Amino acid sequence: MDIVVGVSGGIAAYKTVQAVRLLVKAGHAVTVVPTEDALRFVGAPTWEAISRHPVTTSVHDDVARVRHVALGQGADLVIVAPATANTIARMAAGIADNLLGTTLLATEAPVVIAPAMHAEMWRHPATQANIATLRARGVVIVGPEDGELAGGDSGPGRMSEPESIVERALAVVAPQDLAGLRVAVSAGGTREPIDPVRFLGNRSSGRQGVAVAHEAADRGADVVLVAANVGADVLTAALHPRIRIRPVGTAAELGAAMKEEAEVSDVVVMAAAVADYRPATASDQKLTKEGGRLERIELVENEDVLAALAASRAAGSAPARQVLVGFAAETLTDPAARRVRARRKRERKGADLLAVNLADAEHGFERADNAVEIVGPDGTIVAEAVGAKQDVAAALWDAVATLRGPASSEGQ
């Protein structure tokens, strides 16, 4: 496969050397297209030695072959890593005043970018708007991760590791094993109102569910994302031509939406954290200490949405061969005990697959990483994944595709 790797001017360029090395070792023909600023961090001799191809930044080199468009035309895949805020803005605007810009405009191949910048630059509305524009065009975004940045800063903006970038990029051009399928995914955490300013809720950010939805869309599925109180910054990652977002608030609203979507979905993934209980009544006025009205809140149990979906499927209210996937956050540190509980829960709820994610200081809610074991229909662990939530999503869909078998790409 002919792969173009664009490199823009960021300190993370040193990590891209390893990404190029991995691609070459896998047997791909790699041409590196750095910007002038990128060569201030990693020089042309390094790129040429690793890629085994000559490197230039000028649109005026090899004019007879019209190199400034030929690279893009001949590419099977284009990766930009790091993609700085400046390069992302130029891509969104279609600016092509260097070889990387003309290559990106001339290609019809899939484009994957790995953003890298300081947290404030990543959060800036201009950058987020540019990312949304690129996503809408089908550009695949890998990262950024939350971690230590240049200059001692910390936060979202760290470029993903080379292995993750390469794995994600190659998956984009892999067979579309979910093409033709309709998928419903829930994400986020429900909120049960106490009064107009208070609610019972949980710490779910929705990042894992969004990653699951985005991975399914990248693999060819048409996806509905039922988003429960997912922040706008997280939902940015769900912008995709094949994803429709359906916002909900409470457990009852989420349950109603998922039941409706499940009736026409080939795969249903319940990744949202649904509140087990809600206040028996919700006041239409703010409750105050003066009346002593906050001393006790009577709770009633919410419907188990996953179990209800399984029951509806058993009654025939779902497409043939529908796969039902649940998530269960556990704090048990003993893996054996965690698996025993997961097997009981999968069987009790009637799911085909149950992804058990460890919720601790490093993984799970409000964290960039997750650690998941997926329990199959016979109680065995059919897949494991530790790392970025996008990697967990890929492992989950691998398990779904395996369970559905060869017909998973045919649609129902």
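Residues numbered from 1 in each chain as written. Predicted model: local features only at pLDDT ≥ 70, side-chain atom pairs only at ≥ 80, totals over all residues. Heavy atoms only, no water.

*Asks:* So what's going on with the packing of helix α4 (residues 85-93) against helix α7 (residues 125-136)? Residues and values would help.
*Replies:* Between α4 and α7, the shortest axis-to-axis distance is 9 Å and the interhelical angle comes to 50 degrees. One element, α4, and the other, α7, form an angle in the oblique class. Classified by chirality, the crossing of α7 by α4 is left-handed. Between α4 and α7, the residues in contact are Ala-85, Ile-88, Ala-89, Met-91 and Ala-92 and Thr-127, Asn-130, Ile-131, Thr-133 and Leu-134, respectively. Grouping the amino acids of the contact of α4 with α7 by side-chain chemistry returns seven nonpolar, three polar and no charged. (Axes fitted to C-alpha atoms, helices over the stretch in contact; angles between N-to-C directions. Helix = DSSP H or I, 4+ residues; strand = E, 2+ residues; numbered from the N terminus. Parallel < 35°, antiparallel > 145°, perpendicular 65-115°, else oblique. Left-handed = near helix turned anticlockwise from the far one by under 90°. Contact = heavy atoms within 4.5 Å. Nonpolar A, V, L, I, M, F, W, Y, C, P; charged D, E, K, R; others polar.)

*Asks:* Run through the UniProt feature "binding site: CTP" (unreviewed entry) in the protein, naming residues and quoting values.
*Replies:* The UniProt record annotates "binding site: CTP" (unreviewed entry) at Asp-276, Lys-286, Phe-327, Lys-345 and Lys-349. A stretch of 74 residues holds the annotated residues, and the largest C-alpha distance among them is 37.6 Å, long enough that they do not meet in one place. Tracing the sequence through the fold places Phe-327 in strand β16 (residues 323-330). Among all residues touching Phe-327, those that are not within four sequence positions of it are Gln-208, Val-212, Val-269, Met-270, Ala-271, Leu-354, Ala-355, Asn-357 and Leu-396. When residues no more than four places from it in sequence are discounted, the contact partners of Lys-349 are Asp-304, Leu-306, Ala-307 and Ala-310. (UniProt positions renumbered as here; feature names shortened; annotations may be inferred.)

*Asks:* Describe in detail the packing of helix α1 (residues 13-25) against helix α2 (residues 44-51), supporting the description with residues and values.
*Replies:* Helices that pack against each other are described as a pair by the angle of their axes relative to one another and the distance between those axes. The geometry of α1 relative to α2 is characterised by a closest axis approach of 9 Å and an angle of 20 degrees between their N-to-C directions. In terms of orientation, α1 lies roughly parallel with respect to α2. At the point where α1 passes α2, the crossing takes the right-handed sense. For the pair α1 and α2, contact is made by Ala-13, Thr-16, Val-17, Val-20, Arg-21 and Val-24 and by Thr-46, Trp-47, Ile-50 and Ser-51, respectively. By residue class, the composition of the contact of α1 with α2 is six nonpolar, three polar and one charged.

*Asks:* How would you summarise the sheet that holds strand β19 (residues 381-388) if you had to cite specific residues and measurements?
*Replies:* Here eight strands make up an open sheet; going across it, the order is β12-β11-β8-β13-β16-β17-β18-β19 and the pairing mixed. Lying at the two open borders of the sheet, with one neighbouring strand each, are β12 (243-248) and β19. Each adjacent strand pair in this sheet contributes to an overall mean axis angle of 15 degrees, direction not counted. Pairing of strand β17 (residues 353-358) with strand β18 (residues 369-375), which is carried by four bridges, proceeds in the antiparallel orientation. (Pairing = 2+ DSSP bridges.)

*Asks:* So what about the environment of Arg-278? Which residues, and what values?
*Replies:* Summarising the element assignment, Arg-278 is placed in strand β14 (residues 277-279). Accessibility expressed as a relative area gives 35% for Arg-278, which makes it partly exposed. Sequence separation of Arg-278 and Leu-200 is 78 residues, and the distance between their C-alpha atoms is 7.0 Å. Setting aside anything within four residues of it in sequence, one finds Arg-278 in contact with Glu-192, Glu-298, Leu-299, Val-300, Glu-301 and Asn-302. Polar side-chain contacts of Arg-278 include one of 2.9 Å to the side chain of Asn-302. (Buried < 20%, exposed > 50% of the residue type's maximum accessible area, 1.4 Å probe, protein only. Polar contact = N/O pair within 3.5 Å; in protein donor to acceptor, adjacent residues only side chain to side chain.)

*Asks:* Describe helix α14 (residues 389-404), and please don't skip the residues or the numbers.
*Replies:* In a regular helix each residue adds 1.5 Å, so 16 residues correspond to 22 Å; α14 covers 23 Å between its end C-alpha atoms and thus fits that length. Where α14 is concerned, the buried positions are Lys-389, Val-392, Ala-393, Ala-394, Ala-395, Leu-396, Trp-397, Ala-399, Val-400, Ala-401 and Arg-404. Just downstream of α14, Gly-405 is the residue with a positive phi angle, here 85 degrees. (Expected span 1.5 Å × (residues − 1).)

*Asks:* Could you give an account of the pattern of salt bridges, naming the residues involved and the relevant values?
*Replies:* A full pass over the atoms with the stated rule returns 19 salt bridges. Its salt-bridge partner being Asp-37, residue Arg-40 comes within 3.8 Å of it at the nearest N-O pair. A residue is classified by how much of its surface remains accessible, and Arg-40, at 71% relative accessible area, is exposed. Here Glu-261 and Arg-244 are joined by a salt bridge, their closest N and O atoms 3.3 Å apart. Of this pair, Glu-261 sits in helix α11 (residues 251-262) while Arg-244 is found in strand β12, placing the two residues 17 residues apart along the sequence. Looking at Arg-244, the relative accessible area reads 44%, which means it is partly exposed. The structure contains a network of salt bridges with shared partners spanning Arg-168, Asp-177, Glu-215, Asp-218, Arg-219 and Asp-398. (Salt bridge = Lys/Arg side-chain N within 4 Å of Asp/Glu carboxyl O.)

*Asks:* Can you break down the nonpolar core residue by residue, with the values?
*Replies:* Counting 39 residues, the largest nonpolar core has Val-223, Leu-225, Val-269, Leu-396 and Trp-397 as its most contacted members. Here this core gets seven residues from one element, more than from any other, and that element is α14. Apart from the residues lying within four places of it in its own chain, the contact partners of Val-223 are Val-183, Val-185, Ala-213, Ala-216, Ala-217, Arg-242, Ile-243 and Arg-244. Val-7, Ala-19, Val-20 and Trp-47 belong to the second largest nonpolar core, which has 29 residues in total. (Core = buried A, V, L, I, M, F, W, Y, C linked by side-chain atoms within 4.5 Å.)

*Asks:* Describe the sheet that holds strand β3 (residues 77-83), listing the residues and the values that go with them.
*Replies:* Within the open sheet, the five strands sit side by side as β2-β1-β3-β4-β5. Their pairing is parallel. Edge positions in the open sheet fall to β2 (29-34) and β5 (140-141), since each of these has one partner strand only. Pairing of strand β4 (residues 111-115) with β5, which is carried by two bridges, proceeds in the parallel orientation. Within β5, the residue paired with Ile-113 across the bridge is Ile-141.

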